[in-house]
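Architecture at a glance
These are the residues of each chain, in order.
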Amino acid sequence: MRISDFIARTITQRRALVWCGVAVLTAACIAILVSSLQLDSEIFNVLPGKFSSVQGLKIYDRDFEQTRELTFALQCEPNDVEKLEEFAPVFAERLRQQPWCTRVLAGSPMSTPDGIRDLQSIAIPLLLNLEPNAFRETISVLQPEKIRDRLHRLRQQIEAGSPRPEFELSFDPLGLIAPALKPFAESTIIEQEQPLTSPDRTMRVFLAETNQQSLSAFECQRLMREVNSFRAIAAEGWNDGPLQVLVTGRSAFASEISLSMHYDVVVTLAGSVLLVGTIFFVGFRRWLPLLGMALCLLLSCLVALTLGQLLFGRLSMISVGFCAILVGLGVDFAILTIGRYHQARSDGEAHRQAIATSIAKLGRAVFFGALTTAVGFLALVLSGSMAFSELGVLIAIGIFVAGLFMCSILFLFVRERQAAIPHDWLFESVRKYVRWTVQRPMPMLIFSSVVLLVLTAIGFSPIPPIHFEASARSLQPKNISASQALEKIMHTMPVRWEPVLAIVRAENPQELHDYWQKIVAHWRELQAAGKIKGFSTPAALCLSPDWMETNRRQLSTINFPAARETLEQTLDAEGFSRDSFAPAFTLLDDLQRLTNPNEPLPNWRDQLPKSSSWWFLVDRYFGNDPTLTTGFVTTNQPILAHTQSKDLERELPVAGVPMILSGWSYALADLLPWSHHQLLIISALMAIFDISLLALLYRNFRLWMIQVVTLAFGVGAMIASMKLLNINLNLLNVLSFRLVLAIGVDYGIYVVLVWQKTREIEHDVAGVLKPVLLAGLTAVSGFGSLALAQNPALTGLGIACAIGIFWSLIATIFFALPAIAATRPKT
């Protein structure tokens, strides 16, 4: 018994058994998804993970504490700047009182007494971390004569009316703290120079560190609900003009992206189902098969989603768009099989026989159509992007499952007794077109060839050029408040362009210290040579146990009792109060205690208060693992080209120091060759697969050549349309070309396979061309519905594919069919 007959008999005679199987499959899938479904809102998974620059972005986002920071901004009208100055401390205090906030940075730590005191608390470990020669020179100020000279000089400067000596006496009475902090100040100068007030004073920025337990999407959503509740009351007491309370940060982005994922699933799927359902109903005017098609597609999505969850463990924000795409593609099989079934019934066949005929006539075409489409999407695995790899696998699974269901379960919704369609205007129009094309193919062939040739020439011509957008904006979700807040802050605040990150990990503190000493020396040479504009590193905070032990031994050469006695005598002689110099005496006692070899060496991490604002600066350099660090390099110009990233890759690293260079701009510039590779090489491989499959399938050079030219016309017209409509290529929608090649070839396969076997060309070709037309329109609708998504990567991919599939359909109907008719052998 043929497979088609077996399926037809099972569907018609064992309907209850089939329904039970559908129910069991559905229940199993739902149970698995409810218990294990996880969504990944990580935007970096959209990028290919094999690049070290992308890995660096993930490391910095995952392992550095600054990812738990939120940036708040208050923006007022120009007439209210004085009021904003008064209101800013009130807002900062309200922010500190929030249960989810651990500390707040409302201004430069050096401008507050607490900030100065915090710096003094870490002076001893940083002093011991000085290079031994510099340490020896620094502690020489503890010699009695130098203590007397210093205090006498400062007394004279105070009497002369200078304010600086008073600050110096309160901050560094012995002259030890300033030299200890000098390397820290020099290595972090770039970060400290970033202002928190805009030049026109209409914006004030506040940094807040949160206490969220994890960076998961649901935890970020929970946090942002509390943050938004705070924003609603944060402006209480402001009675002047409008005051905007903006917030952005990693958690804000993750929360809104994850919520937009749910929106994208619902809206794109609903849009796709509505458009596809409308096209199906217009073509067949049957409600029950439409319901069956929807159930089969839903079940296909469910099965693919379940298998994808089991394969990957969690699904990305890009892969959730597969449902809308699968609806647009999977309906092709329903249209083909239902269309052929109705044609068989019109020819007088019984219900069961018509089912068998539909499967027998189109089963092979459905299989190869599913194969080419699945291979096209599976080719996304070669992109190296986890998100697009998941998308490709999900759709490949879904396509094969949809093909199986459309050739089986769908017929459960086809009644044995049903009234014939009174007047199928679409089929009549298609049949008239086929009759005219077969009888007189040249007029349509000439017209379509001219139009498609012109478009293809425009598409492959360098003029006008197709623009390539390599910026972070092409990947950022649109219409989310975190992104809009970030844009406002960057537009208002005088910030530099994004620096390059240099991530360095070591095995132990000494190795980390040695690494950064080498890096700082090398980068100073680059800065002096004009190859970079500046840099900022954690070198001063990377403690060297070797240097600290050496410097501890040098402390034993200091006569601390004599230094203490000299300090007391000089204070009395110069008229200073001993109580005001209590920190100086404490410093001497601490240093003297460290001369004991059994005393543990101090660590600035233990001495810097947890509430200190300086942690905002420290967290930019150090990860959760203290041996994981990063430095920042400011380039002379913004990084826009791949050559710039290659120059930095050649210049910045230091021999023997493991370093990962990263940063958004650097990574995107680094990915430009990869994107061109995806556009050219991988698309070429897909084209080779297509033409090889067509040669194997047709075994007819004439038909094979026509199909290859049709594919070229479809892609050429697609590129021309993108040029004329000013649709830019980006790092991700270049993947659409391989998908268009995979999907667009299906329409030709359906037509050519029927042409090869038919004896009644007008009848059979018209019978398949109507479903092909409907299938193409549904595929365009499925991809086009992705334009409703908030994720720009998904939107760009959908629009590009919709344009390409549209032109592939046009080329098949108006070029391939007339060409086949015009070149058929004369009988």
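Treat the numbers as computed from the prediction; the structure is a model and nothing was measured. Sequence order as written defines the numbering, with residues in each chain counted from 1. Local features in a predicted model are, by the rule used here, given only for residues with pLDDT of at least 70; side-chain atom pairs are given and counted only at 80 or more, and totals for whole chains, interfaces and linings are based on all residues. Excluded from the side-chain calculations are hydrogens and water; all other atoms, namely the structure's heavy atoms, are used.

1. Notes on unusual backbone geometry
Glycine aside, the phi torsion of most residues is negative, and most peptide linkages are trans. Cis geometry is found at the peptide bond from Ile 463 to Pro 464, where omega equals -5°. Along the chain, Pro 464 turns up in the loop between helix 19 (441-460) and strand 7 (468-469). Although it is not a glycine, Arg 201 sits at a positive phi angle of roughly 65°. Mapped onto the elements, Arg 201 comes out in the loop between helix 11 (189-192) and strand 4 (203-210). Residue exposure (1.4 Å probe, protein chains only): buried if accessible area is under 20% of the type maximum, exposed if over 50%, otherwise partly exposed. Looking at Arg 201, the relative accessible area reads 32%, which means it is partly exposed. The way it works is that DSSP assigns letters per residue, a run of H or I at least four long becomes a helix, a run of E at least two long becomes a strand, and they are numbered from the N terminus.

2. Topic: the packing of aromatic side chains
In this scheme Phe, Tyr and Trp rings, the latter by its six-membered ring, pair at centre separations within 6.5 Å, and the angle between planes marks the pair as stacked below 30 degrees, edge-to-face above 60, and tilted otherwise. Counted under the stated rule, the structure contains 25 aromatic pairs. Taken together, a centroid distance of 6.1 Å and an interplanar angle of 80° make the contact between Trp 516 and Trp 523 edge-to-face. Here Trp 523 falls in the buried class, since its relative accessible area comes to 0%. In this structure an aromatic cluster arises from ring pairing among Phe 72, Phe 91, Trp 100, Phe 206 and Phe 230. In this arrangement the basic side chain of Arg 155 is found over the ring face of Phe 576, its NZ or CZ atom lying 4.3 Å from the centre. Definition used: whenever NZ (Lys) or CZ (Arg) falls within 6 Å of the ring centre and also within 35 degrees of the ring normal, the charge is taken to sit over that ring. Sitting over the face of the ring of Phe 622, Arg 605 holds its NZ or CZ atom 4.8 Å from the ring centroid.

3. Remarks on the sheet that holds strand 8 (residues 500-505)
Strand pairing is defined by DSSP finding a minimum of two bridges between the two strands. Strand order across the open sheet formed by four strands is 9-10-8-11, with antiparallel pairing between neighbours. Edge positions in the open sheet fall to strand 9 (534-536) and strand 11 (660-662), since each of these has one partner strand only. Looking at each pair of strands side by side, their axes are set apart by 25° on average, direction ignored. Summarising the sheet, strand 8 and strand 10 (residues 628-634) pair through six bridges and their orientation is antiparallel. Paired with Val 504 across the strands is Thr 629, a residue of strand 10. Its contacts with the sheet place helix 21 (residues 509-528) against strand 8, strand 9 and strand 10, and it is angled at close to 155° to strand 8. Interaxial angles span 0 to 180 degrees and are taken between N-to-C directions of axes, which are lines fitted to C-alpha atoms, for helices over the stretch in contact. Two residues form a contact once any of their heavy atoms are found within 4.5 Å.

4. Details of the pairing of strand 2 (residues 69-75)
Every regular strand shows the same layout, with side chains that alternate between the two sheet faces. Here strand 2 lies mainly inside the structure; seven of its seven residues are buried. Judged by which residues are buried, strand 2 turns out to be covered on both faces: Glu 69, Thr 71, Ala 73 and Gln 75 on one side and Leu 70, Phe 72 and Leu 74 on the other are all buried. For strand 2 and strand 5 (residues 244-249), the ladder comprises six bridges, and the chain directions are antiparallel. Bridging from a neighbouring strand, Ala 73 pairs with Leu 246 of strand 5.

5. Observations concerning the pairing of strand 8
In terms of residue burial, strand 8 counts as a mostly covered element, since five of its six residues are buried. Across three bridges, strand 8 lies against strand 11 in antiparallel orientation. Following the sheet pairing, Ala 502 is matched in strand 11 by Leu 661.

6. Concerning the nonpolar core
Side-chain atoms within 4.5 Å are what join buried Ala, Val, Leu, Ile, Met, Phe, Trp, Tyr and Cys residues into a set we call a nonpolar core. Ranked by internal contacts, the top residues of the largest apolar core, which has 134 residues, are Met 293, Leu 329, Phe 377, Tyr 747 and Phe 783. Residue contributions to this core peak at 17 residues, all from helix 33 (residues 792-822). Counting residues in each nonpolar core, the second largest holds 81 residues, with Ala 502, Phe 585, Met 659 and Ala 669 among its members.

7. Comments concerning the sheet that holds strand 3 (residues 101-105)
Judged by pairing direction, the sheet is antiparallel, and its four strands sit side by side in the order 3-4-2-5 without closing on themselves. Since the sheet does not close on itself, it has two edges, and those belong to strand 3 and strand 5, each with one partner. Shown here is a sheet whose adjacent strand axes are inclined to one another by a mean of 25°, direction ignored. Of the strands in this sheet, strand 2, strand 4 and strand 5 are in contact with helix 20 (residues 481-492), which crosses strand 5 at around 105°.

8. A word on helix 20
Over its twelve residues, helix 20 extends 16 Å from the first C-alpha to the last, a length consistent with the 16 Å expected when each residue adds 1.5 Å. For helix 20, every residue scored as buried is listed here: Ala 482, Ser 483, Ala 485, Ile 489 and Thr 492. Multiplying 1.5 Å by the helix residue count minus one yields the expected span of that helix.

9. Looking at the confidence of the model for the protein chain
Any segment with low pLDDT has predicted coordinates that should not be analysed in fine detail. On average, residues of the protein chain carry a pLDDT of 84, and 93% of them reach 70 or more. Confidence per residue, as judged by the predictor, is encoded in pLDDT with a range of 0 to 100. Helix 11 is the least confidently modelled element of the protein chain, averaging 50 in pLDDT, while helix 21 averages 95, the highest of any element.

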